[in-house]
Amino acid sequence: MVQGTTSDAGKSTVVAALCRLLKRQGVRVVPFKPQNMALNSAVTADGGEIGRAQALQAIAAGLAPHTDMNPVLLKPSSDIGAQVVIHGKVRAEMNARDYHQYKTVAMQAVLESHARLLTRYDTVIVEGAGSPAEINLRDRDIANMGFAEKVDCPVVLVADIDRGGVFAHIVGTLSCLSESERARTIGFVINRFRGDIKLLEPGLEWLEQQTGKPVLAVLPYLHGLFLDAEDAVQPVQASKGAFRVVVPSLPRMSNHTDFDALRAHPDVDLRFVRQGEPIPTADLIILPGSKNTRGDLDWLRTQGWPKEIARHLRYGGKVIGVCGGFQMLGRGVTDPLGVEGKAGESAALGLLDMVTEMTTDKRLVQVRGTCAFDADGATVAGYEIHMGTSTGAALASPVFLIDGRPEGARSADDQIMGTYLHGLFDTPEACGALLRWAGLHSDHTVDTSALREASLDRIADATQPLLDALVALGKAP
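Predicted model only: the values in this text are computed from it and were never measured.

(A) Structural context of the packing of helix α1 (residues 11-24) against helix α2 (residues 52-60). Running from N to C, α1 and α2 cross one another at 20 degrees; their axes reach a closest spacing of 8 Å. Considering the angle they form, α1 stands roughly parallel to α2. Read as a crossing pair, α1 and α2 show a hand that is right-handed. Seen from α1, the contacting residues are Ser12, Val15, Ala16, Cys19, Arg20 and Lys23; seen from α2, they are Ala53, Gln57, Ile59 and Ala60. Considering only residue class, the contact of α1 with α2 consists of six nonpolar, two polar and two charged.

(B) Summary view of the pattern of salt bridges. All told, the structure shown has 30 salt bridges when counted by the stated rule. Arginine 452 is paired through a salt bridge with aspartate 228; the nearest N and O atoms lie 2.7 Å apart. Taken as a pair, arginine 452 in helix α13 (residues 448-472) and aspartate 228 in the loop between β12 (215-220) and β13 (243-248) lie far apart in primary sequence, 224 residues in all. Each member of the pair arginine 452 and aspartate 228 is classed as buried. Notably, a salt bridge pairs arginine 436 with aspartate 374, separated by 3.5 Å at the nearest N-O pair. Taken together, the residues arginine 436 in helix α12 (residues 428-438) and aspartate 374 in the loop between β21 (355-371) and β22 (379-391) connect sequence positions 62 residues apart.

(C) Representation of the sheet that holds strand β11 (residues 185-193) in the model. The strand order across the open sheet formed by four strands is β1-β10-β11-β12, and the pairing between neighbours is parallel. The open sheet has two edge strands with one neighbour each: β1 (2-4) and β12. Averaged over all pairs of adjacent strands, the angle between strand axes in this sheet comes to 25 degrees, irrespective of strand direction. Summarising the sheet, β1 and strand β10 (residues 155-160) pair through three bridges and their orientation is parallel. Following the sheet pairing, glycine 4 is matched in β10 by valine 158. Packing against the sheet, α1 makes contact with β1, β10 and β12, and its axis sits at approximately 160 degrees to β1. Sheet contacts for helix α7 (residues 197-211): β11 and β12; angle to β12, the most-contacted strand, approximately 150 degrees.

(D) A look at the sheet that holds strand β6 (residues 72-76). Strand order across the open sheet formed by four strands is β3-β6-β7-β8, with mixed pairing between neighbours. The sheet is open, and its two borders are formed by β3 (35-37) and β8 (89-95), each paired with just one other strand. Adjacent strand axes in the sheet meet at a mean angle of 25 degrees, parallel and antiparallel pairs treated alike. Two strands pair when backbone bridges link them, and β6 and strand β7 (residues 81-86) are joined in this way by five bridges, in the antiparallel orientation. Opposite leucine 74, over in β7, you have valine 84 as the bridge partner. Across the face of the sheet, helix α3 (residues 96-120) comes into contact with β3, β6, β7 and β8 while running at roughly 150 degrees to β8.

Procedures and definitions
Counting of residues starts from 1 at the beginning of each chain's written sequence and follows it residue by residue. pLDDT decides what is reported in this predicted model: residues at 70 or higher carry local features, side-chain atom pairs at 80 or more are listed and counted, and totals for whole chains, interfaces and linings draw on all residues regardless. The side-chain numbers reported here are obtained from all heavy atoms of the structure, hydrogens and water having been left aside. To obtain each axis, a line is fitted to C-alpha atoms, and for helices this fit is confined to the stretch in contact; angles are then taken between N-to-C directions over 0 to 180 degrees. Only runs of H or I of at least four residues qualify as helices and only runs of E of at least two qualify as strands under DSSP, and these elements are numbered from the N terminus. Note on terminology: angles under 35 degrees are roughly parallel, angles over 145 are roughly antiparallel, angles of 65 to 115 are roughly perpendicular, and the others are oblique. Handedness of a crossing follows from how the near helix is turned relative to the far one, being left-handed for an anticlockwise turn of less than a right angle and right-handed for a clockwise one. In what follows, a contact means two residues having at least one pair of non-hydrogen atoms within 4.5 Å. Each residue receives one of three labels: charged for Asp, Glu, Lys and Arg, nonpolar for Ala, Val, Leu, Ile, Met, Phe, Trp, Tyr, Cys and Pro, and polar for the others, Gly being one of them. When a carboxyl oxygen of Asp or Glu is within 4 Å of a side-chain nitrogen of Lys or Arg, the pair counts as a salt bridge. Residue burial is assigned from relative accessible area. The probe radius is 1.4 Å, only protein chains are included, and a residue is buried under 20% of its type maximum, exposed over 50%, and partly exposed in between. Two strands make a pair as long as DSSP finds a minimum of two bridges between them.

Dropping the structure here:
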């Protein structure tokens, strides 16, 4: 099991790297994360959803993503509540206190999935969540040491030196663990190191003397990786292209990985705009997915987005809404059952003639089709993952044809389109067609699959010393 001293220490990356290394050796390896909290999720082959990082790790292992790889997924809808997904399906909306009591039930789902994976694969590489040193979460823990103790697996602790204070993070984490938990921690990985390793060696020696445990590997800081992020989003990227795409960084934004292909496009300048930041001029505005559509609509209004979108359209700009962002483009959003928070109704932006009603049924499906707006019928592939049904005249002008079914909506003046399809830019043909519609005619294409594979190979190569150290310890996975 790979645990971290902090969130974003590099656990997901280390697990993905180990999966790729073992796959190269012909080992039947599978990733596993007992509990994940993330708004970036992926649809699995068995019709459920899991954290985006586990889908990436599955690719590293040469597998199709499956719900057993992440049996418990928490999707925050507010600061104190989240949608609880068990074995890929929505189980309930719970506040933090209720979920804490529910963990004993969730643990059974975790153990069932882990047991099934053990029967089908040679090796299971487990990823922890957050930090095992979060004392307030130790009771009924299913994500870190609580799980490791239950299944009796060794733990590698990862710390990010780029944050600073790496030795304090490691020593402090160990001091918060029980005696048995410290005993199962077999060593440390120092991640994202850059500089002269000779200058680090005195600290490594001190750490091993203080803890009696080895530093298994020091992994380099790798620039330019193209890997799916679980939560963190880079708000502004260095300007490189002349075509500017602007995305509001919604408080409950989901699946911002939809825009990774645009981030990698050499002719595109992609910018996420956070709260309080000025809204820059743009060629294309994209409203992203949301886990709380009505709440994020309120946020858009307080930040002045409706006025800026109206000005953008007056000057001939284009607008795309994806999933929750698509719902925001209509005349209104109703949530009679309180699926995404307090029950009620909200006026939307009124840019498409349609309304949306939130329902308890969640659509989870991988899809393929063609671009209805493109004369050449460019192919598109992606996935749908949403709660709510949209109806109205705008849907008579679809964006895509999915297995012959019309999907999405376009405005009569062809300046606005909305879709429930996530991953719409990941297919090079669809990405090119969408950008041409928005006004960018480029000879460049971005193959996200090839970029992802190359990045997985890079992190695997860099992580080989860790696997070698585990072999030397007799702890090879």
